[in-house]
Amino acid sequence: MASTSTSASSAIKLDIPLHIKYIQNLDKRQDLAYHLTSHLRLNGIYWGLTASHIMGQPYALDREGVIEYVLSCWDDEAGTFGPHPNHDGHILSTLSGIQIMLMQDAIDRVDVESVTKFLLDRISPDGSVSGDSWGEIDTRFTYILLSSLSLLGKLDQIPTEKREQIVQYISRCRNFDGGFGRVPGAESHSGQVWVCTAALSILGRQDLIDIPLLGAWLSERQLPNGGLNGRPEKLEDVCYSWWCLASISILGKLHWINKDKLIGFILGAQDLDDGGIADRPGDWVDVFHTLFGVAGLSLLGYPGLEDIDPVYCMPAKLIDKLGLKKPYATLPRMVSYP
Ligand code: GRG
């Protein structure tokens, strides 16, 4: 369980070797929890692998084992990746599959034409994007479409008029507070704010964001204990150290967050016995919060970490190499902490 002592958190450090060990030990096929989370498996591998890259250990997981597993998730009928073997293909697992294969330098083993077709088929005439052939709509899927196509070098396959419809759809999801929701009219939520600001950044349409208004809304997400929440009147959670912080970095206003207080909050959510990071101090850890805690610390310039790209949530070096880097704010990497 994560540390409960917030006063001690200012003195503790990120225990990189312990968190790497935690990620390496997640593949516990004898546990019921492993099977109950199979619908999140490809996402989970992406979370663990990205966290390992950011903690400077890109080879922490068995490369060939990971590649074989991703390939075993292929759904022939959909022409893309499902989250686990014999599961239906979905846009959520598609992005994770692409991200993992890129980080493993194995994208040449993916049927890129088939994945591109699956993705392009998700765009509806009103510019919304569905997760699969069943038709659920969510701005998360809009981001995934754009991020996936862009990572595959296929963004230009979206016809110009559809691209404009996508932009207009995202604009319709913008609210009076400058934030964005899941669908038009839905409440602003930091997770949806990230997907929409990152999507507009990929399309080069940040002009549709009210930067001072949204930047102020995002900075108001920081609570007195240093943690960030996802929307007003809600509890702080380590994962918003990614959704809020990456958004505010894309807006160029990273300095509107109190860095030291947020670092203290994230470090206090570590499990210093068995590794991993929880949603908040005192709770059980999981790999989702481990990635977003480490990713938030990287954006804040915590020492000893690799840079993460706030638009793609992948190692910045890899995104630079692919020529996909977009404008965003960074903080200098600290030499030591505290
Ligand atoms: C490549 C990192 C990456 C993501 C792919 C799936 C996706 C695109 C983005 C998800 C964005 C999102 C909606 C994140 C929020 C997740 C979350 C913690 C939701 C919790 O919502 P509530 O209502 O929590 O349970 P609150 O904190 O509002 O009470």
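Since the structure is predicted, the reported quantities are computational estimates derived from the model, not experimental observations.

Definitions and limits used
Residues numbered from 1 in each chain as written. Predicted model: local features only at pLDDT ≥ 70, side-chain atom pairs only at ≥ 80, totals over all residues. Heavy atoms only, no water. Helix = DSSP H or I, 4+ residues; strand = E, 2+ residues; numbered from the N terminus. Buried < 20%, exposed > 50% of the residue type's maximum accessible area, 1.4 Å probe, protein only. Contact = heavy atoms within 4.5 Å. Areas by Shrake-Rupley, 256 points an atom, 1.4 Å probe, with all protein chains shown as cover. Lys, Arg positive; Asp, Glu negative; His and termini not counted. Charge placed at Lys NZ, Arg CZ, Asp CG, Glu CD. Phe/Tyr/Trp six-rings, centres within 6.5 Å; stacked < 30°, edge-to-face > 60°. Expected span 1.5 Å × (residues − 1). Salt bridge = Lys/Arg side-chain N within 4 Å of Asp/Glu carboxyl O. Near = heavy atom within 4 Å. Polar contact = N/O pair within 3.5 Å; in protein donor to acceptor, adjacent residues only side chain to side chain. Nonpolar A, V, L, I, M, F, W, Y, C, P; charged D, E, K, R; others polar. Core = buried A, V, L, I, M, F, W, Y, C linked by side-chain atoms within 4.5 Å. UniProt positions renumbered as here; feature names shortened; annotations may be inferred. Axes fitted to C-alpha atoms, helices over the stretch in contact; angles between N-to-C directions. Left-handed = near helix turned anticlockwise from the far one by under 90°.

## Topic: the overall build of the protein chain
Part 1: Per the secondary structure count, the protein chain includes 14 helices and six strands.
Part 2: Projecting the C-alpha coordinates of the protein chain onto the three principal axes gives extents of approximately 55 × 50 × 35 Å.
Part 3: Taken across its 338 residues, the protein chain has 60% of its residues classed as buried.
Part 4: When contacts within the protein chain are restricted to residue pairs at least 6 apart in sequence, long-range pairs at least 24 apart make up 69% of them.
Part 5: A total of about 14000 Å² of accessible surface is found on the protein chain, and carbon and sulfur atoms cover 53% of it.
Part 6: When the 29 positive and 41 negative side-chain charges of the protein chain are each reduced to one mean point, those points stand 4 Å apart.

## Structural notes on the packing of aromatic side chains
Part 1: Here the structure, examined in full by the defined rule, presents ten aromatic pairs.
Part 2: Ring centres 6.5 Å apart and planes at 40° place the aromatic pair Trp243 and Phe288 in the tilted group. Here Trp243, found in helix H11 (residues 240-250), pairs with Phe288, found in helix H13 (residues 287-299); they are 45 residues apart in sequence, far enough to count as distant.
Part 3: For Trp243, a relative accessible area of 16% gives the class buried.

## Concerning helix H9 (residues 190-202)
Part 1: Its 13 residues place the ends of H9 18 Å apart at the C-alpha level, agreeing with the 18 Å of an ideal helix rising 1.5 Å per residue.
Part 2: Along H9, 13 of the 13 residues are buried, which leaves the element largely enclosed by surrounding structure.
Part 3: Taken from the residues just after H9, Gly204 is the one with a positive phi, measuring 70°.

## Brief notes about the pattern of salt bridges
Part 1: Enumeration over the complete set of coordinates arrives at 14 salt bridges.
Part 2: Its salt-bridge partner being Asp121, residue Lys117 comes within 2.7 Å of it at the nearest N-O pair.
Part 3: Given the relative accessible area of 45%, Asp121 is considered partly exposed.
Part 4: With a closest N to O distance of 2.9 Å, Arg205 and Asp207 form a salt bridge.
Part 5: Residue class for Arg205 comes out partly exposed when judged on its relative accessible area of 24%.
Part 6: Several salt bridges share partner residues, and in doing so they unite Glu236, Asp279, Arg280 and Asp283 into one network.

## Overview of the site of the ligand
Part 1: Near the ligand, the surroundings consist of 19 residues, among which His189, Gln192, Arg231, Lys234 and Tyr240 are the closest.
Part 2: Between the ligand and the protein, one listed contact pairs an oxygen atom with a side-chain N or O atom of Lys234 at 3.1 Å.
Part 3: Between the ligand and Tyr240 there is a distance of 2.6 Å, counted from an oxygen atom to a side-chain nitrogen or oxygen.
Part 4: For the ligand, the protein covers 73% of the area, taking 760 Å² as the surface of the free molecule.
Part 5: Elements supplying a minimum of two residues to the shell around the ligand: helix H5 (91-103), helix H7 (139-151), H9 and H11.
Part 6: The leading source of residues in the shell around the ligand is H9, at four residues.
Part 7: Each residue belonging to the shell around the ligand can be placed in one class, and the counts come to twelve nonpolar, four polar and three charged.

## Details of the nonpolar core
Part 1: Grouped together as the largest cluster of nonpolar side chains are 110 residues, with contacts concentrated most on Leu145, Leu146, Leu151, Ile158, Trp194, Trp242 and Leu305.
Part 2: Leaving out residues up to four positions away in the same chain, Leu151 has contacts with Leu95, Ile98, Gln99, Leu102, Tyr312, Met314, Ile319, Leu322 and Leu324.

## Thoughts on the UniProt feature "domain: Prenyltransferase alpha-alpha toroid" (unreviewed entry) in the protein chain
Part 1: UniProt records the feature "domain: Prenyltransferase alpha-alpha toroid" (unreviewed entry) for residues 16-314 in the present numbering.
Part 2: Between the first and last C-alpha atoms of residues 16-314 the distance is 18 Å; the span itself is 47% helix and 4% strand.

## Examining the packing of H11 against H13
Part 1: The geometry of H11 relative to H13 is characterised by a closest axis approach of 7 Å and an angle of 35° between their N-to-C directions. For the pair H11 and H13, the crossing hand works out as left-handed. Residues Ser241, Trp242, Trp243, Leu245 and Ala246 of H11 form the contact with H13, whose participating residues are Phe288, Phe292, Ala295, Gly296 and Leu299.
Part 2: Residues of the contact of H11 with H13, tallied by class, amount to eight nonpolar, two polar and no charged.

## Here's the deal with unusual backbone geometry
Part 1: The amide bond that connects Tyr337 to the next residue, Pro338, takes the cis arrangement and shows omega of -5°.
Part 2: Here Pro338 lies in the segment after helix H14 (316-321).
Part 3: Here the phi dihedral of Asn86 falls at roughly 70°; this positive angle occurs in a residue that is not glycine.
Part 4: Along the chain, Asn86 falls in the loop between strand S2 (80-81) and H5.
Part 5: Of the residues examined, Asn86 reaches a relative accessible area of 81% and is grouped as exposed.
Part 6: The backbone of Cys313 shows a phi angle near 50°, a positive value even though the residue is not glycine.
Part 7: Locating Cys313 in the fold gives a position in the loop between strand S5 (308-309) and strand S6 (314-315).

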